[in-house]
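Notes for the structure review
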Amino acid sequence: MKIDVLTLFPEMFTPLKTSIIGRAVDSGKLDINIVDIRDYTLDKHKKCDDTPFGGGAGMVMMPQPIASAIEAVDPDHEAKRIYLSPKGRTFNQQIVLEYSKAERLLLLCGHYEGVDQRVLDLYIDEELSIGDFVLTGGEIPAMAVVDAVSRYVDGVINGESLEQESFASGMLEYPHYTRPQEFKGLKVPDVLLSGHHANIDKWRLEKSKEITRKNRPDLLTDK
Ligand code: 4GN
């Protein structure tokens, strides 16, 4: 999968060089192209934002640099083009799966008060929000999308982990334990040491229901 990320702050994306995503990029399973919108400005002072028509606080990202950047990286509109914004539809695991089937994604990160509406009207397929809160820019939401979607790209992580995880079952995950068997007076539950796999599965299912009832009862309508 190829993901283009358009931003005024490319240095914010260094975390994607790390860990599982970094490895997937190095092995060629993922192509993450971080594009500096400023490289596409035609302004002699490299200006990419301006004051809002109608007045008000803050700055608006100018349409020309963004339009030129999108036309340069995705001239034939092969990518699903997404703008990260608190006004978008709310991201969830179903959307992760939907996006993971695309050959290409293009993520546009706004900053300040956001981008000129005409960029959205002319170039963007959908607005997406990672939750009901406002950040200084779309970069962190874009990274969340890259990470969540990349996990479903073939070979990035093993398929068993994907099936086991929270939301695959429609419930939250059971607790995990590793060595030592006792830590600061707290013991690992006996059943996990028993080797009795039917009992272990039963315990995990009960724990999943318990944590889901406590934190996300909305997920439990039929369980
Ligand atoms: C996305 C962008 C939050 C989200 C953002 C989110 C930059 N904050 N909930 N901040 O996914 C106005 C236009 C704020 C750009 C935007």
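Structural data are supplied above this passage.
Residues numbered from 1 in each chain as written. Predicted model: local features only at pLDDT ≥ 70, side-chain atom pairs only at ≥ 80, totals over all residues. Heavy atoms only, no water.

Our focus in this paragraph is the environment of Ile-140. Structurally, Ile-140 is set in helix α5 (residues 139-150). The spacing of Ile-140 and Ile-130 is ten residues in sequence and 9.4 Å in space, taken between C-alpha atoms. (Helix = DSSP H or I, 4+ residues; strand = E, 2+ residues; numbered from the N terminus.)

Turning next to the site of the ligand. The environment of the ligand is made up of 16 residues, and the closest members are Ser-129, Ile-130, Gly-131, Phe-133 and Leu-135. Within the side chain of Ser-129, one N or O atom sits 3.2 Å away from a nitrogen atom of the ligand. A distance of 2.8 Å is found between a nitrogen atom of the ligand and a backbone nitrogen or oxygen belonging to Leu-135. Protein chains bury 93% of the 400 Å² of accessible surface belonging to the ligand in isolation. With four residues, the single largest contributor to the shell around the ligand is strand β5 (residues 80-90). Here the residues of the shell around the ligand sort into eight nonpolar, seven polar and one charged. (Near = heavy atom within 4 Å. Polar contact = N/O pair within 3.5 Å; in protein donor to acceptor, adjacent residues only side chain to side chain. Areas by Shrake-Rupley, 256 points an atom, 1.4 Å probe, with all protein chains shown as cover. Nonpolar A, V, L, I, M, F, W, Y, C, P; charged D, E, K, R; others polar.)

Soluble globular proteins: nonpolar side chains tend toward being buried together. If you look at the biggest cluster of nonpolar residues, it comprises 30 residues, and the most contacted ones within it are Tyr-99 and Leu-107. Put simply, the parts of the chain that give this core at least two residues each are β1 (2-7), α1 (19-26), β5, α3 (93-100), β6 (104-109) and α5. Excluding anything up to four places from it in sequence, Leu-107 contacts Ile-3, Asp-4, Val-5, Leu-6, Ile-82, Leu-84, Ala-142, Val-145 and Val-146. In this structure, Ile-37, Ala-69, Leu-108 and Tyr-123 belong to the second largest nonpolar core, which totals 20 residues. (Core = buried A, V, L, I, M, F, W, Y, C linked by side-chain atoms within 4.5 Å. Buried < 20%, exposed > 50% of the residue type's maximum accessible area, 1.4 Å probe, protein only. Contact = heavy atoms within 4.5 Å.)

A separate point is the pattern of salt bridges. Should their charged atoms come close, side chains of opposite charge can pair. For the coordinates displayed, the defined rule picks out 16 salt bridges. Across the salt bridge formed by Asp-116 and Arg-118, the nearest N and O atoms sit 2.7 Å from each other. Salt-bridge contacts for Arg-216 lead to Asp-218; the nearest nitrogen and oxygen are separated by 2.9 Å. Within this structure, Lys-2, Asp-4, Asp-74, Glu-78, Arg-81 and Arg-104 form a network of salt bridges that share partners. (Salt bridge = Lys/Arg side-chain N within 4 Å of Asp/Glu carboxyl O.)

A few words on unusual backbone geometry. Cis peptide bonds are those with omega within 30 degrees of zero, and the linkage from Arg-179 to Pro-180 qualifies with 5 degrees. Within the fold, Pro-180 resides in the loop between α6 (159-164) and β8 (182-183). Of note, the phi angle at Lys-46 is positive, near 60 degrees, even though the residue is not glycine. Structurally, Lys-46 can be placed in the loop between β2 (31-36) and β3 (49-50). Residue Lys-46 is classed as partly exposed on the basis of its relative accessible area of 47%. Its identity is not glycine, yet Lys-184 carries a phi of approximately 45 degrees, on the positive side. With respect to the helices, strands and loops of the structure, Lys-184 is situated in the loop between β8 and β9 (186-187). Take Lys-184: its relative accessible area is 75%, and that puts it in the exposed class.

The residue Thr-7 is located in strand β1 in this model. Those residues in contact with Thr-7, other than ones at most four positions away along the chain, are Phe-13, Ile-34, Val-35, Asp-36, Ile-37, Cys-109 and Glu-139.

A grouping of Met-12, Phe-133, Leu-135 and Ile-140 is seen on the molecular surface, where their side chains present a nonpolar patch of about 350 Å² in accessible area. Mapped onto the secondary structure, Leu-135 falls in the loop between β7 (126-129) and α5. (Patch = residues over 30% accessible without salt bridge, like charges linked within 9 Å, V, L, I, M, F, W, Y side chains within 5 Å.)

The values are spatial; any link to function lies outside them.
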